[in-house]
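# Observations on chain architecture
Residue-level listing of the chains:
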Amino acid sequence: MKAAIIYASVHHENTKKVVEAIAGENVVDLIDATKEKERDLSGYDLIGFASGVYYGKFHQTVLNFALANLLANKNVFLLCTCGGSAAFQSIEEVVKSKQGKVVGKFSCKGYDTFGPFKLIGGIAKGHPDDKDLADAVTFYKGIIQK
Ligand SMILES: Cc1cc2nc3c(=O)[nH]c(=O)nc-3n(C[C@H](O)[C@H](O)[C@H](O)COP(=O)(O)O)c2cc1C
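Residues numbered from 1 in each chain as written. Predicted model: local features only at pLDDT ≥ 70, side-chain atom pairs only at ≥ 80, totals over all residues. Heavy atoms only, no water.

### A closer look at the pairing of strand β1 (residues 3-8)
Rule in force here: Whether a residue is buried, partly exposed or exposed follows from its accessible area with a 1.4 Å probe, protein chains only, as a fraction of its type maximum: under 20%, in between, or over 50%, in that order. Helix numbers and strand numbers start at the N terminus; a helix is a DSSP run of H or I with at least 4 residues, a strand a run of E with at least 2. With its strands directed away from the observer, a crossover is right-handed exactly when the path from the first strand over the helix to the second travels clockwise. At least two DSSP bridges between two strands are required for those strands to pair.
Judged by how many residues are buried, β1 sits mostly within the fold: six of six residues are covered. Both faces of β1 are covered, namely the face carrying A3, I5 and Y7 and the face carrying A4, I6 and A8. With helix α1 (residues 14-25) bridging β1 and its parallel neighbour strand β2 (residues 28-32), the resulting β-α-β unit is right-handed. The pairing of β1 with strand β3 (residues 46-52) spans six bridges and is classified as parallel. Across the sheet, the residue bridging to I5 is G48, located in β3.

### Quick look at unusual backbone geometry
A negative phi angle characterises most non-glycine residues, just as the trans form characterises most peptide bonds. Going from H127 to P128, the amide bond is cis rather than trans, its omega being 0 degrees. Mapped onto the secondary structure, P128 falls in the loop between β5 (101-109) and α4 (130-144). Residues other than glycine seldom take positive phi values, yet Y55 does so here, at roughly 50 degrees. Note on Y55: relative accessible area 73%, which makes it exposed.

### So, the packing of α1 against α4
The cut-off we apply is this: The axes used here are C-alpha line fits, helices contributing only the stretch in contact, and every angle between their N-to-C directions lies in the interval 0 to 180 degrees. Each angle gets one of four labels, with under 35 degrees taken as roughly parallel, over 145 as roughly antiparallel, 65 to 115 as roughly perpendicular, and the rest as oblique. Handedness of a crossing follows from how the near helix is turned relative to the far one, being left-handed for an anticlockwise turn of less than a right angle and right-handed for a clockwise one. In what follows, a contact means two residues having at least one pair of non-hydrogen atoms within 4.5 Å. Note that Gly is not counted as nonpolar here; it falls among the polar residues with everything else outside the nonpolar set of Ala, Val, Leu, Ile, Met, Phe, Trp, Tyr, Cys and Pro and the charged set of Asp, Glu, Lys and Arg.
Two numbers describe how α1 lies on α4: the axes approach to 9 Å, and their chain directions differ by 55 degrees. When the axis of α1 is compared with that of α4, the two are oblique. You can see that α1 and α4 cross each other, and the crossing is right-handed. Contacts between α1 and α4 involve K17, V18, A21, I22 and E25 on the former and, on the latter, L133, A136, V137, Y140 and K141. Class assignment for the residues of the contact of α1 with α4 results in seven nonpolar, no polar and three charged.

### Details of the pattern of salt bridges
Oppositely charged side chains can form a pair if their charged atoms are brought close together. Stated precisely, the cut-off is as follows: Every case where a carboxyl oxygen of Asp or Glu lies within 4 Å of a side-chain nitrogen of Lys or Arg is listed as a salt bridge.
Under the defined criterion, the tally for this structure stands at six salt bridges. With its nearest N and O atoms 3.0 Å apart, the salt bridge here joins E25 to K141. Within this pair, whereas E25 is found in helix α1, its partner K141 is found in helix α4, the two being separated by 116 residues in sequence. A relative accessible area of 49% places E25 in the partly exposed class. Looking at K141, the relative accessible area reads 30%, which means it is partly exposed. Between E36 and R39 there is a salt bridge whose closest N-O contact spans 2.9 Å. Residue classification places R39 among the partly exposed positions, given a relative accessible area of 29%.

So this is what it looks like as structure tokens:
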């Protein structure tokens, strides 16, 4: 089983903490979509897309990466961190356009100081916390055992 997670984490590195927790306990290649636009994904059995939620969507670099590099009929899992509500639709549309199969979705809160939230010291402070990270690892282990 060869796995990669393509991620973007531009606000407080919340999503980065989650994907690094997964990669710390599993053999997973992490690809930062804000730095890399192209990668041959043909050698991977499982592809993850991970992002903070920005204006209700995955980061545009992750969406662009998926559009450019995701091959047809791949097993895909999705992961997001958010201040409010998880939002998978933007990436799900891209995966669907490539006939990908979404085998799991995980979300947790991520510290959010965007816009007016900054005035009140942010929301979801302290997240992802240790439990969020442990839950993410458990989620991932559940997927690879399927
Ligand atoms: C520009 C911007 C827009 C955001 N929009 C949303 C949103 O629509 N819904 C939400 O729940 N959180 C929103 N957030 C909060 C982020 O999703 C949250 O803090 C996330 O954990 C950031 O992940 P990162 O640190 O990996 O970038 C937004 C944050 C920023 C900076």
